[in-house]
Amino acid sequence: MQKLFTTRFGGVSQVPFDSLNVGLHVNDNALHVKENRAILKKQLGVSNLVFMNQVHGDEVVVVSKGDEYPSCDALICAQEDIGLVVMVADCIPILFYDRVRHIIGVAHAGRAGSALHVGQKTIAKMQEVFGSKIEDMQVFMGPSIQKCCYEVGIEATVGLEKCLHVKHGRYFLDLQSANKEDFLALGIREEAIEISPICTCCDKDYFSYRRDKTTGRFCGVITL
Ligand SMILES: [Zn+2]
């Protein structure tokens, strides 16, 4: 298994997408984005990278061929030579690995996806389709906006009350904790859950929608 969270460096896109933007939907030059995706593919040494048309939902799609382009927010796969990609610029890129059956997964967990428990649903699908067991599961949450910067309006806290922090009358969400709690609730051991300490809004090595609005997307990738 190979996993990777990219930064904004190492690609060919120009300002404000500089430089390793992998998102085709952000109005960057499509040729640059394709070149960036090719750089990523070469770095991983896989024949196929599967991207999602991410819609802030909770659908999980099974990848088997490598040429899919589904509208969904999570992918699972048992094939070698396929990289599953989740694009982000503040949302949490979550990678999943069943180290016994060798199954991989990715999920896009922003505020909506987290409230819909897209991470739990990804694991449920791995269990249902591939017979994965909770005790064999490893979860990796990549760089994403953290509670230091993720201020929201009160209406955006519905369903996420457990990870809400109120400071001087302002509301901040801790989505990493919300997802961690979800995984612990399934019985995943604490030591099998890795959370990046990097806040994308604080750290300019990463694209951040909250900080920059017009910007690129970095990604989490996992492959067998
Ligand atoms: Zn921050």
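The structure presented is a predicted model; accordingly, all values stated were derived computationally and were not measured.

What is the right way to look at the pattern of salt bridges in this model?
Side chains that carry opposite charge are capable of pairing whenever their charged atoms lie near each other. This structure, assessed with the given rule, holds 8 salt bridges. Asp58 is paired through a salt bridge with Lys121; the nearest N and O atoms lie 2.5 Å apart. A residue pair is termed long-range when its members are at least 10 positions apart, and Asp58 in the loop between strand S2 (48-50) and strand S3 (60-63) and Lys121 in helix H3 (residues 118-130) qualify at 63 residues. On the basis of relative accessible area, Asp58 is assigned to the partly exposed category, the value being 27%. Among the residues examined, Lys121 registers a relative accessible area of 34% and is labelled partly exposed. With a closest N to O distance of 4.0 Å, Arg101 and Asp98 form a salt bridge. A residue is classified by how much of its surface remains accessible, and Asp98, at 0% relative accessible area, is buried. In the salt-bridge network here, residues are joined through shared partners; they are Asp98, Arg101 and Asp136.

Where do I start with the sheet that holds strand S1 (residues 2-5) in this structure?
One key point about sheets: their strands pair by backbone hydrogen bonds, in either a parallel or an antiparallel sense. The strand order across the open sheet built from 4 strands is S1-S13-S5-S2, with neighbouring strands paired in mixed fashion. Each end of this open sheet is capped by a strand with a single partner; those strands are S1 and S2. Pairs of neighbouring strands in the sheet enclose a mean axial angle of 20 degrees, with direction left out of account. Across 3 bridges, the pairing between S2 and strand S5 (residues 82-88) is parallel. The residue of S5 that forms the bridge with Val50 is Leu84.

Help me out: how do you make sense of the coordination of the zinc ion in this one?
Ideal values differ by geometry: the angle at a metal is 109.5 degrees with four tetrahedral donors, but 90 or 180 degrees with six octahedral donors. Around the zinc ion, the donor atoms from the protein are Cys148 (SG), Cys149 (SG), Cys199 (SG) and Cys202 (SG), and they sit 2.3 Å away. Each donor residue of the zinc ion lies on the same chain, and together they follow the pattern C-C-x49-C-x2-C. Here Cys149, found in the loop between strand S8 (137-141) and strand S9 (151-152), pairs with Cys202, found in the loop between strand S12 (193-195) and helix H5 (209-212); they are 53 residues apart in sequence, far enough to count as distant.

Is there a simple way to think about the pairing of strand S10 (residues 164-167) in this case?
Residues in a regular strand project their side chains so that they alternate between the two faces of the sheet. Of the strand pairs in this sheet, S10 and strand S11 (residues 170-173) are connected by 4 bridges, and their pairing is antiparallel. In the sheet register, Leu164 faces S11, and the bridge partner there is Leu173. Where S10 folds back onto S11 in an antiparallel hairpin, the turn is made up of 2 residues, including His168, whose phi is positive at roughly 50 degrees.

Procedures and definitions
Throughout this document, residue positions are counted from 1 along each chain, in the order its sequence is written. Confidence filtering applies because this is a predicted model: local features only for residues at pLDDT of at least 70, side-chain atom pairs given and counted only at 80 or more, and all residues used for totals across whole chains, interfaces and linings. Hydrogens and water molecules were not included; the side-chain quantities draw on all heavy atoms of the structure. Throughout this description, the term salt bridge denotes a Lys or Arg side-chain nitrogen within 4 Å of a carboxyl oxygen of Asp or Glu. For the purposes of this entry, the term helix denotes a DSSP run of H or I that reaches at least four residues, the term strand denotes a run of E that reaches at least two, and both are numbered from the N terminus. Relative accessibility decides the category of a residue: with a 1.4 Å probe and only protein chains considered, values under 20% of the type maximum give buried, values over 50% give exposed, and everything between is partly exposed. Strands were regarded as paired on the criterion that DSSP finds at least two bridges between them. Between the N-to-C directions of two axes lies an angle of 0 to 180 degrees, each axis being a line fitted to C-alpha atoms and, for a helix, fitted only over the stretch in contact. Each metal site is built from N, O and S donor atoms within 2.8 Å (3.2 Å for Na, K and Ca), and since water is not included, such sites may look incomplete.

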